[in-house]
Structure formats: structure tokens, C-alpha cells
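Chain residues, written in single-letter form:
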Amino acid sequence: TCTRPTRIPSLLRPRSAIMVDRYRKKIAAMVIQLAKDDPQFVKAMIQKLKRSGEIEADDLCYLERIADRWIKIAEENLQRARR
């Protein structure tokens with residue numbers, strides 16, 4: 001049978017590109033965790049970046065949705081605690 005040799009991912013990309021990918025994933029995970037821990041802060045920072053023109057209006061929509069979801073969860077938990 002004819003088989004194709006498998007490609008080894010580390011040989012396809014330079015080592016620096018792999019490190020950048022890991023770094024970006026780590027930063028993304030940290031930002032998502034921050035959106036869960038302090039969603040009001042994240043929303044405020046996104047608004048500030050939009051006003052200053054550093055990001056486009058549709059940038060970071062995913063992060064805003066996460067922050068909105070955690071704000072809603074916090075409000076629901078607060079209402080439950082008051083009952």
C-alpha cells in the first residue's frame with residue numbers, strides 16, 4: 001500500500017512561531033479568566049479602548065459576551081442571596 005509520511009508539526013513551523021502561539025493562548029486564557037472574575041472591569045476597559053480608537057467597534061465582542069454573561073450570573077446570585 002502507498003502511505004504518506006506524516007508531517008511533524010514542529011518541523012513545519014519555526015520554533016518562535018510555536019512560542020508565540022503558546023503565548024497568545026496563555027494571554028487569551030488569562031483575559032477570559034479576568035472576564036469571569038471581574039466582568040465590570042473588563043467591560044469598562046473595552047469601552048475605554050473603543051473610545052480611544054485603539055480597537056474597532058466589533059473587536060473583542062467574544063470577550064464582551066463572556067463579561068455580560070458573568071455580570072448576569074452575578075446579578076442572579078445576588079438576587080438569590082437576598083431571598
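Here goes a summary of the coordinates provided. (Residues numbered from 1 in each chain as written. Predicted model: local features only at pLDDT ≥ 70, side-chain atom pairs only at ≥ 80, totals over all residues. Heavy atoms only, no water.)

**Observations concerning the packing of helix 3 (residues 39-52) against helix 4 (residues 61-82)**
- Where helix 3 meets helix 4, the closest approach of the two axes is 8 Å, and the angle between their N-to-C directions is 145 degrees. Classified by chirality, the crossing of helix 4 by helix 3 is left-handed. Between helix 3 and helix 4, the residues in contact are Pro39, Gln40, Val42, Lys43, Ile46, Gln47 and Lys50 and Leu63, Glu64, Ala67, Asp68, Trp70 and Ile71, respectively.
- Split by residue class, the contact of helix 3 with helix 4 holds 7 nonpolar, 2 polar and 4 charged. (Axes fitted to C-alpha atoms, helices over the stretch in contact; angles between N-to-C directions. Helix = DSSP H or I, 4+ residues; strand = E, 2+ residues; numbered from the N terminus. Left-handed = near helix turned anticlockwise from the far one by under 90°. Contact = heavy atoms within 4.5 Å. Nonpolar A, V, L, I, M, F, W, Y, C, P; charged D, E, K, R; others polar.)

**Description of the environment of Ile55**
- Mapped onto the elements of the fold, Ile55 is located in the loop between helix 3 and helix 4.
- For Ile55, a relative accessible area of 17% gives the class buried. (Buried < 20%, exposed > 50% of the residue type's maximum accessible area, 1.4 Å probe, protein only.)

**Description of the nonpolar core**
- Counting 7 residues, the largest nonpolar core is built from Ala35, Val42, Ile46, Ile55, Leu63, Ile66 and Ala67.
- Among the elements of the structure, helix 3 and helix 4 are those that each provide at least two residues to this core.
- Apart from the residues within four sequence positions on either side, Ala67 is in contact with Ala35, Pro39, Val42 and Lys43. (Core = buried A, V, L, I, M, F, W, Y, C linked by side-chain atoms within 4.5 Å.)

**Regarding a nonpolar patch on the surface**
- Among the surface-exposed residues, Tyr23, Ile27, Met30 and Val31 lie close enough to one another that they form a single nonpolar patch of about 370 Å² accessible area.
- Inspection of the secondary structure assignment puts Met30 in helix 2 (residues 15-37). (Patch = residues over 30% accessible without salt bridge, like charges linked within 9 Å, V, L, I, M, F, W, Y side chains within 5 Å. Areas by Shrake-Rupley, 256 points an atom, 1.4 Å probe, with all protein chains shown as cover. Salt bridge = Lys/Arg side-chain N within 4 Å of Asp/Glu carboxyl O.)

**A look at helix 4**
- Taking 1.5 Å per residue, 22 residues should reach 32 Å; helix 4 reaches 32 Å between its end C-alpha atoms and fits that length.
- Within helix 4, burial applies to Leu63, Glu64, Ile66, Ala67 and Ile71. Seen from one end, helix 4 has its buried residues packed into an arc of 160 degrees, which puts them on one side. In helix 4, those exposed residues whose orientation departs by more than 90 degrees from the buried face are Arg65, Lys72 and Arg80. (Expected span 1.5 Å × (residues − 1). Arc of directions from axis to C-beta.)

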